Amino acid sequence: MPPTNSLPSMPLVAAVLVVHDGNEWLPSVLATLASQQYPALQLVVVDNASRDGSAELLARRIPADRLITNTRNVGFSRAVAGALSHPTVAGADALLLLHDDLVLAPEAISHMVRALRDDASLGIVGPKLREWSDDGVLSEVGMTIDRFGRAEPRAERGELDQGQHDRMADVLYVSTAGMLISREVFRELGGLDTRYPAYRDDLDLCWRAWLRGYRVEVVPDAVGYHIGGAGRAGVRFGGGDHGGRYLAERHAVATLLKNYSALSLLWAMPATLALALAKVLAFVLVRRFGEAGAVTRAYLWNLAQLPRTLRRRRAAQRRRAVSDRQVIRHFAPGLPRTRTYVEAVGAWVAGGSTRALIDEEADEGVIDAGRPLLRFIRERPAAVTGLVLALVYLVGLAPLLGTGQVVGGQVAAWPRSAWSFLTAYATPHNGEPLGVSGFASPIQAVLGLGSALGFGNPWLAQRLLVFGLIPVAWLLAVRAGRLITSRPGPRALGATLYALSPVVLGALGQGEYGVLVVAALLPGLVLVGTRAADTRIPAASSWRASALFSLGLLVSVAAAPSLGPLLAIGVAGGAVVSLVRRDPAARGGTLRLGLAVVAALAALSPWLLSTLAGGTWFPRTVTGAHDLPLWRAVTAAPDVLPGLGGLLGIVTALTSVAVVAASVLLGLRRRPDVVAVLTAVGGFTALLAWGAARLSVNWVWPPGLLLPTALAIGGMGVLAARTAGGALSQYAFGARQLSVVVATAMLGIGLFIATARLATGPYATLELKPELVPA
């Protein structure tokens, strides 16, 4: 029979606040505790030998019978253990463990108590944590580990709190920064391991709770704001200095030894030891001897502590009520361990950083510019960049903004009325204004609806639906950049790299209208497709994203059927990734994507079947030789614009190389999954385009197949810009900094050339035909 957590209707909660040099934020912490709406709350404070004025503040604010003062910093676990004998704590029904850098919303404790009281299977609960300095950014919504003990957050770094985690769900462990646990459960589990002054004490306690049969949960209605005190500065316990790497490593190993079953230890410990040896070797090779020593000392500590660890292991295993399989399902999937190996390789390439092998909880800050203009630019980089590019774009378009219509390539004369498009679509076999006989492509309906934006003016309608696609591509790319970061500056850079790429501008310059439509919609398709497959966001948002994905897919295939196979490969790849994930909920996202594809195909089916029956599966035909060398394909720099056949083409290609190199150097350590996906997508589509050119496939414009490559390079630009400041500040000047300086210079030159190209109007095949429109 599973254990139960029995609490009275109004349990007495003893909050144990452990303080060490927290004077800067301690007044806010005490004020929010005093404002809690839960009446049965008692506070006991333990001061761990503070030297920054915290002791004096506590002496003034906390009654003497509620204040415990230690003469040395004994760490969090020993401080809590010392408070257990206090009469207030000993007589409480539940314990609330608090760090000195956490403030709780007024109703937070009430929500946590209600959750713990109403569900007898719960043993431990914690709040949803946001960043202290940024209300909208999540700090923690529970944690997990991989099978080797490496901690993994459930929230992405910099992830905005948009309610996507607001479904109460089981987690492997919650932080002791705001952990609520029944006093009886705490006693039954044996309390915190007092050998852990910091790091992984929460993991160890929650893992033992899972083994005993209790559940651990985050209560999303309980909100806290956290700094992350253990990582604020150097950690000192008992008079000695202990680095975070050393403590995290030694406690992770001890936790594995205590809580894994004997069978699991047979494979986990040899693999963990091999990984430790690889870490030490890597640190030595890159001359980070202190880090190598920290890992070595962590294992020596575990060797010395093995008898005590085994005694604690026997106690934990004796209370075991569930199998490892039931606990491991709350672990992170295999990717984080793969990520660690990739990060280690990336660290070698990047010049010796192996910071990726430990948890990083600090993020670089944003420096506010002092001058109003600089502050305005810093605060609104996307708006400023967009405005500048729009002005430059209008200058380049000036020759094509006169009276008449623009024609060239697939851009044909525009019908006088939007009804011409709609009539062609609604009347099968009567021909299309811009196509062939048979069922009209749905793009005709889209163009008809879009032409309504021109208020019956074909001149305005054509310019909006042709030249307006470049700004749409930029705006959607900025939006899609949120998949990597919420910061607007890096997203604006990535969007600029994409919208000004030779592939996108070349589609307009060569009059490849269908490809241009896909270029404009592709970032949006990636964004809404990802949201449709994301099971963490509310169902209503996911279904809206699915509908938008279906509509975007329909328009893209209708506009450029020759790119349909490429889009199909992308959708199939995303579906395969979702299906192989171990999370059963991910298959719900795959189902939504599948329904979106079916809906798009249903709308396209009359036209597709008509063109297939007529032998015109791909209505367009490319004539002439395909000249797309491999180096131009992999750098997304096809010779489709004036000047790209010479030195400017080489500079453009080198710009792409610089962006990719910067992404690998700076982003591989933090986001190796993103780098791997972008590299795979960009490389695959580049080879596809190169192969199509080599085989002289006459139904597709090979440069159009490079759109995903260009978007991947833009994504790499986002990642590199997002991680540049924090990554470079961690190292002395060396090869990394020099390479980034070179990459930045190439990027600046490339963007200058692309902007100049935008201003001079690289529209080789487009021309103005005034006589097409009567005066």
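Structure: above.
Residues numbered from 1 in each chain as written. Predicted model: local features only at pLDDT ≥ 70, side-chain atom pairs only at ≥ 80, totals over all residues. Heavy atoms only, no water.

Draft legend 1. Molecular detail of the pattern of salt bridges. Taken as a whole and judged by the stated rule, the model has 15 salt bridges. A salt bridge links Glu188 to Arg212; the nearest nitrogen and oxygen atoms lie 2.5 Å apart. With Glu188 in helix α6 (residues 183-189) and Arg212 in helix α7 (residues 201-212), the pair connects residues that are 24 residues apart, well separated along the chain. The partner of Asp193 in a salt bridge is Lys258, and the shortest N-O contact between them spans 2.7 Å. Of this pair, Asp193 sits in the loop between α6 and α7 while Lys258 sits in helix α8 (residues 244-259), and the two are 65 residues apart along the sequence. Judged by relative accessible area, which is 3%, Asp193 ranks as buried. Salt bridges here are not isolated pairs; linked through shared partners, they connect Asp193, Arg195, Asp204, Arg208, Lys258 and Arg312. (Salt bridge = Lys/Arg side-chain N within 4 Å of Asp/Glu carboxyl O. Helix = DSSP H or I, 4+ residues; strand = E, 2+ residues; numbered from the N terminus. Buried < 20%, exposed > 50% of the residue type's maximum accessible area, 1.4 Å probe, protein only.)

Draft legend 2. Region of the structure containing the environment of Thr485. Considering the arrangement of structural elements, one finds Thr485 in the loop between α19 (469-480) and α20 (488-499). Between the alpha carbons of Thr485 and Glu156 there is a distance of 9.5 Å; along the sequence they are 329 residues apart. Contacts of Thr485, omitting those with residues within four sequence positions, involve Pro490, Arg491, Val718 and Arg722. (Contact = heavy atoms within 4.5 Å.)

Draft legend 3. Seen up close, the packing of aromatic side chains. According to the stated counting rule, one finds 4 aromatic pairs in the structure shown. With centroids separated by 5.5 Å and ring planes inclined at 90°, the aromatic side chains of Trp207 and Phe331 adopt a geometry described as edge-to-face. Placement of the pair is Trp207 in helix α7 and Phe331 in the loop between α12 (324-328) and α13 (335-350), with a sequence separation of 124 residues. Here a set of aromatic residues connected by ring pairs shows up, and it is made of Phe148, Trp207, Tyr260, Trp267 and Phe331. Stacked on the ring of Trp301, the Lys or Arg Arg250 has its end atom at 4.2 Å from the ring centre. Across the ring face of Tyr246, the terminal group of Arg297 is positioned such that the distance to the ring centre comes to 4.4 Å. (Phe/Tyr/Trp six-rings, centres within 6.5 Å; stacked < 30°, edge-to-face > 60°. Lys NZ or Arg CZ within 6 Å of the ring centre and 35° of its normal.)

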